[in-house]
Amino acid sequence: MAFYIEKDGTYEPINTFPTSGYKLNEEKSICSNGAKPSMASDYSINITNLNGSTNCYLYFDKLNGLILADEIKKQSKGEKTSFSGIATESDTGVYTAPDDYGTSYYFRGLEGSLNNWVEFAGFYWRIIRINGNGTIRMIYQGEAKGDISSSNKTGTTTMINETLYVFNNALVDNTFVGYMNSINNGDNTTNYEQAHSNLYNSNVKTEIDKWYKTNIIDKGYGNYADNKTGFCNDRSINTGNEIWLTNDTKSGYGKNATAYGPYGRSMKNSSIRNVQLPSLKCINKEIDLFTINTEDIGNHKLKYPVGMITSDEIIFAGSFGHIKNSTHYLYTASKYWTLSPSSYGSSYATVFSIDSFGAIYSERVNTKNGLRPVINLRADIPFSGDGSEVSPYKIVS
């Protein structure tokens, strides 16, 4: 197998295929035996009909613009996975943490001190992290009506449709902590597998899917989205013993009191943990990692590659349990849902949200909060700009 990269209008040989900054020229690249090469968004090379006697000549064209994974990785201050307070000026920056795809490079810190703005599809977004596969995870920040303004930072304008939504209409069963649930007839689930079998869309999933189709797919931006990376609705059972939930059954079904994994990583006995250990890994991938149906991992339950932020990602970004914090970049002065279950108590299911003071709180799923979609852009897309408010990253066409 031979590799060639574009340089000064011609191609020169290299010893291995490039990992960034180049894109496979599929028309020029050829293989014997009818094999066909292609390049995925994470720079992996796929060759169909490959066998032991196949010879390939692969040509790579240089991309014009910045590859964000490369740019953001340069800013890393190292690994940081343990937190004892809210983000401060001294720990504002880019850090690393393991995720389901490798190593994530995440933004943490103060509003106004991070260059993680993106303009895409007529909206502004903030980069949450570069996923372990190099894709760009970002959260909705409102419509792009000229320069970035206060309406892209605070208020209901940072939510889709400037509207509040219930997470699920029903709440009297553990199933309703799910991005998808398993009952719609008023009965109760009788085991964990049934409760979390992902049969019916939650209200928030229905609304986010609808928004994504209208604003991304129908307007021709869907080809920029990464289809491989999932979103974790972590319904693992908390392993700790929580005094506040005296009848915690650790069962996760029906009306049985249950605390879930996201709660245990940040809270203890109705108070915040002194040291919080958020995670970017999804424990039960086959159930809780929402992916589209063509992917190798996950539950294959997504129609569109869109989800929501997790409470863990918000802690990485700078929040700390239910401490008020209006300084980190995910603060919007408005309430919005996360994808992270909290618990089922005596008579209702709860999911974590961010309140109007920037704190993480458990909310009954029939409470109304805003929605801020999270999407992943492909790793191989070139960008211009520097991510600042005056020069947000934009796709180079």
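Everything here concerns the structure above.
Residues numbered from 1 in each chain as written. Predicted model: local features only at pLDDT ≥ 70, side-chain atom pairs only at ≥ 80, totals over all residues. Heavy atoms only, no water.

Enquirer: Please provide a residue-by-residue account of the layout of surface pockets, values included.
Expert: The space that makes up the largest pocket amounts to roughly 260 Å³. Forming the boundary of the largest pocket are 19 residues, of which Tyr 140, Glu 143, Met 159, Asn 161 and Glu 162 lie nearest the centre. Elements with a minimum of two residues in the lining of the largest pocket: strand S14 (136-143) and helix H3 (203-217). At five residues, H3 tops the list of elements feeding residues into the lining of the largest pocket. Across the lining of the largest pocket, the residue classes tally to five nonpolar, eight polar and six charged. (1 Å grid on protein atoms, 1.4 Å probe; cavity = no way out; pocket = protein on both sides within 12 Å on 5 of 7 lines; lining within 4 Å. Points joined across faces, edges and corners; volume = space filled by probe spheres on them. Helix = DSSP H or I, 4+ residues; strand = E, 2+ residues; numbered from the N terminus. Nonpolar A, V, L, I, M, F, W, Y, C, P; charged D, E, K, R; others polar.)

Enquirer: Give a detailed account of H3, specifying residues and quantitative values.
Expert: With 15 residues, H3 extends 20 Å from end C-alpha to end C-alpha; this agrees with the ideal 21 Å at 1.5 Å per step. Among all positions in H3, only Asn 203, Val 204, Lys 205, Glu 207, Ile 208, Asp 209, Trp 211, Tyr 212, Asn 215 and Ile 216 are buried. (Expected span 1.5 Å × (residues − 1). Buried < 20%, exposed > 50% of the residue type's maximum accessible area, 1.4 Å probe, protein only.)

Enquirer: Please provide a residue-by-residue account of empty space enclosed by the protein, values included.
Expert: Under the counting rule described, the total for this entry stands at one cavity of 30 Å³ or more. Empty space within the largest cavity amounts to approximately 190 Å³. Around the largest cavity, the lining comprises 22 residues; the ones closest to its centre are Arg 129, Cys 232, Leu 280, Lys 281 and Thr 310. Broken down by secondary-structure element, the contributors of at least two residues to the lining of the largest cavity are strand S18 (231-232), helix H4 (261-266) and helix H6 (311-317).

Enquirer: Help me get a handle on the side chain of Arg 129, residues and values and all.
Expert: Looking at the secondary structure, you find Arg 129 in strand S13 (residues 123-130). Using a relative accessible area of 6% as the deciding quantity, one classes Arg 129 as buried. Of note is the side chain of Arg 129, whose polar atom sits 3.3 Å from the side chain of Asn 131. With near-sequence residues (within four places) excluded, Arg 129 lies in contact with Asp 99, Ser 104, Tyr 105, Tyr 106, Thr 135, Ile 136, Arg 137, Leu 280 and Glu 313. (Polar contact = N/O pair within 3.5 Å; in protein donor to acceptor, adjacent residues only side chain to side chain. Contact = heavy atoms within 4.5 Å.)

Enquirer: Can you break down the nonpolar core residue by residue, with the values?
Expert: In terms of nonpolar packing, the biggest core is built from 75 residues, with Phe 120, Trp 125 and Met 308 touching the most fellow members. The residues contacting Met 308, other than those within four sequence positions of it, are Phe 167, Tyr 179, Val 204, Ile 208, Phe 231, Trp 337, Thr 338, Leu 339, Leu 371, Arg 372 and Val 374. Among the nonpolar cores identified, the runner-up in size contains eleven residues, and Phe 3, Ile 5, Ala 35 and Cys 56 belong to it. (Core = buried A, V, L, I, M, F, W, Y, C linked by side-chain atoms within 4.5 Å.)

Enquirer: Give a description of the sheet that holds strand S24 (residues 336-344) that names residues and reports values.
Expert: With antiparallel pairing, the four strands of this open sheet are ordered in space as S19-S24-S25-S26. For this open sheet the edge positions go to strand S19 (258-259) and strand S26 (360-364), each flanked by a neighbour on one side alone. As defined by bridge partners, S19 adjoins S24 across two bridges and the pair is classed as antiparallel. Following the sheet pairing, Thr 258 is matched in S24 by Tyr 344. (Pairing = 2+ DSSP bridges.)

Enquirer: Please provide a residue-by-residue account of the packing of aromatic side chains, values included.
Expert: Remark: the centre distance and the inter-plane angle together describe each pair of aromatic rings, the angle taken between the planes. Taken as a whole and judged by the stated rule, the model has 19 aromatic pairs. Ring geometry for Phe 123 against Trp 211: centres 5.2 Å apart, planes inclined by 55°, an arrangement best described as tilted. Taken together, the residues Phe 123 in strand S13 and Trp 211 in helix H3 connect sequence positions 88 residues apart. Of the two residues examined, Phe 123 and Trp 211, each falls in the buried class. (Phe/Tyr/Trp six-rings, centres within 6.5 Å; stacked < 30°, edge-to-face > 60°.)

Enquirer: Lay out unusual backbone geometry with the relevant residues and their values.
Expert: For Asn 49, which is not glycine, the phi torsion reads 60° and is therefore positive. The residue Ala 333 is not glycine, and still its phi comes out positive at about 65°. Tracing the backbone shows Ala 333 in the loop between H6 and S24. We classify Ala 333 as partly exposed; its relative accessible area is 34%.

Enquirer: Got a sec to walk through the pairing of S24? Specific residues and values, please.
Expert: Across the nine residues of S24, nine count as buried, placing the element largely inside the fold. Bridge count between S24 and strand S25 (residues 349-354): five bridges; the pairing is antiparallel. Looking at S25, one finds that Pro 341 is bridged to Val 351. Counted along the chain from S24 to the antiparallel partner S25, the turn is four residues long.

Enquirer: Got a sec to walk through the state of the cysteines? Specific residues and values, please.
Expert: Applying the stated criterion across every chain, the model contains two disulfides. Between the sulfur atoms of Cys 31 and its disulfide partner Cys 56 the distance amounts to 2.0 Å. A torsion of 115° about the S-S bond marks the disulfide between Cys 31 and Cys 56 as right-handed. Of the two residues, Cys 31 sits in strand S4 (residues 30-31) while Cys 56 sits in strand S7 (residues 56-62), which places them 25 residues apart along the sequence. Looking at Cys 31, the relative accessible area reads 17%, which means it is buried. Note on cysteine connectivity: Cys 232 is disulfide-linked to Cys 282, with sulfurs 2.1 Å apart. As the torsion about the S-S bond is roughly 75°, the Cys 232-Cys 282 disulfide counts as right-handed. Taken together, the residues span a long stretch of sequence, with Cys 232 in strand S18 and Cys 282 in the loop between strand S21 (271-272) and helix H5 (285-288) at a distance of 50 residues. When sorted by exposure, Cys 232 lands in the same class as Cys 282, which is buried. (Disulfide = S-S within 2.5 Å.)

Enquirer: Tell me about the pattern of salt bridges, and name the residues and values.
Expert: Using the criterion set out here, one finds 19 salt bridges in the structure. For Arg 265, the salt bridge is made with Asp 234, and the minimal N-O distance between the two is 2.8 Å. With a gap of 31 residues between them, Arg 265 in helix H4 and Asp 234 in the loop between S18 and S19 connect regions that are remote in the sequence. According to the relative accessible area criterion, Arg 265 is buried, its value standing at 16%. In this structure, a network of salt bridges that share partners links the residues Asp 99, Arg 129, Arg 137 and Glu 313. (Salt bridge = Lys/Arg side-chain N within 4 Å of Asp/Glu carboxyl O.)

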